[in-house]
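A look at the structure
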Amino acid sequence: MFHIIGAIIETVATVLPKIIEIVGANLLQFAHILSGIFKGLGLLAPEEEITDLGDKAIQAEEQGIKAENYDSYEEYLKAVKSFEIDEEKSANIDDNAKIEKGIEVITAVLVEKYDVVVLDLFTLIAKNPQYFENRIPYFAEMQKIDPDTFSDITKYIIGKEKDMAKAEETLSKMYEVEKKINENTSLQDMMAEILKLQD
């Protein structure tokens, strides 16, 4: 399994720094949105934060707990989450380092589960955090039921969905979410928002 884990590590190591560069000063907001995905998928408990995950991953790595030593990223995630941190060491680890490590773990786990389309989605989130902040928890809930949700929404937003029936189905899902956020939102309003994301 190492070749699969190795490929994910290499992909994330190549693409994630570019996404983080886009995020810039919005690192905390970006982390909060990704945390919403993880919590929505049941991979992070409601009381857990991405900073905690990153802190554990950093300290666990010092003890030899590394992704390449596991058959899957989900197994690695379980090991990291169960790791007992040293509070004294935690105090000396920069918060941004914890956040970035937490983002790295989340990204790799989701790439393993849902393929590299996750990186396209994260790029969209990095560029448009205000749009995704309230919507991601709903999209994550849908993803649990339909594992193509992230892919469908990403392809629709970036204009790569060529199947008209699929595009209409995805549009319907997105409108369902819009109505939960603001029941007065019209389909035209939502389309206008989506067009802004394509600029």
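In short, a report on the structure. (Residues numbered from 1 in each chain as written. Predicted model: local features only at pLDDT ≥ 70, side-chain atom pairs only at ≥ 80, totals over all residues. Heavy atoms only, no water.)

Now for the overall build of the protein. Of regular secondary structure, the protein possesses 12 helices and 0 strands. Along the protein, helices and strands appear, N-terminal first, in the series α-α-α-α-α-α-α-α-α-α-α-α. In terms of overall dimensions, the protein is globule-like: its C-alpha atoms have a radius of gyration of 17 Å, near the 16 Å expected for 199 residues. Along the longest, intermediate and shortest principal axes, the C-alpha atoms of the protein span 55 × 35 × 30 Å. Across the 199 residues that make up the protein, the buried fraction comes to 47%. Intrachain contacts of the protein at a sequence separation of at least 6 include 70% that bridge at least 24 residues. In the protein, 21 side chains carry a positive charge and 39 a negative one; their mean positions are 3 Å apart. (Helix = DSSP H or I, 4+ residues; strand = E, 2+ residues; numbered from the N terminus. Rg over C-alpha atoms; globule rule 2.2 N^0.38 Å. Buried < 20%, exposed > 50% of the residue type's maximum accessible area, 1.4 Å probe, protein only. Contact = heavy atoms within 4.5 Å. Lys, Arg positive; Asp, Glu negative; His and termini not counted. Charge placed at Lys NZ, Arg CZ, Asp CG, Glu CD.)

Let us look at the packing of helix α11 (residues 164-181) against helix α12 (residues 187-197). At a minimum axis distance of 10 Å, the contact between α11 and α12 shows a crossing angle of 105°. Judged by the angle between their axes, α11 and α12 are roughly perpendicular. Here Leu171, Met174, Tyr175 and Glu178 of α11 lie close against α12, whose contacting residues are Leu187, Met190, Met191 and Ile194. Residue composition of the contact of α11 with α12, grouped by class: 7 nonpolar, no polar and 1 charged. (Axes fitted to C-alpha atoms, helices over the stretch in contact; angles between N-to-C directions. Parallel < 35°, antiparallel > 145°, perpendicular 65-115°, else oblique. Nonpolar A, V, L, I, M, F, W, Y, C, P; charged D, E, K, R; others polar.)

Enumeration over the complete set of coordinates arrives at 5 aromatic pairs. The interplanar angle of 85° and the centroid separation of 6.0 Å between the aromatic rings of Tyr114 and Phe150 together place this pair among those described as edge-to-face. One end of the pair, Tyr114, is in helix α6 (residues 95-114); the other, Phe150, is in helix α10 (residues 149-157), and 36 residues separate them in sequence. Judged by relative accessible area, which is 4%, Phe150 ranks as buried. Aromatic ring contacts, followed pair by pair, group Tyr70, Tyr73 and Tyr76 into a single cluster. In this structure, Arg135 packs its charged tip against the face of Tyr131, placed 4.0 Å from the ring centre. (Phe/Tyr/Trp six-rings, centres within 6.5 Å; stacked < 30°, edge-to-face > 60°. Lys NZ or Arg CZ within 6 Å of the ring centre and 35° of its normal.)

What follows covers helix α3 (residues 50-62). The end-to-end C-alpha separation of α3 is 19 Å, in line with the 18 Å expected for 13 residues at 1.5 Å each. Elements in contact with the buried residues of α3: α2 (27-40), α4 (73-81), α5 (87-91) and α6. At the exit of α3 stands Gly64, carrying a positive phi of roughly 85°. (Expected span 1.5 Å × (residues − 1).)

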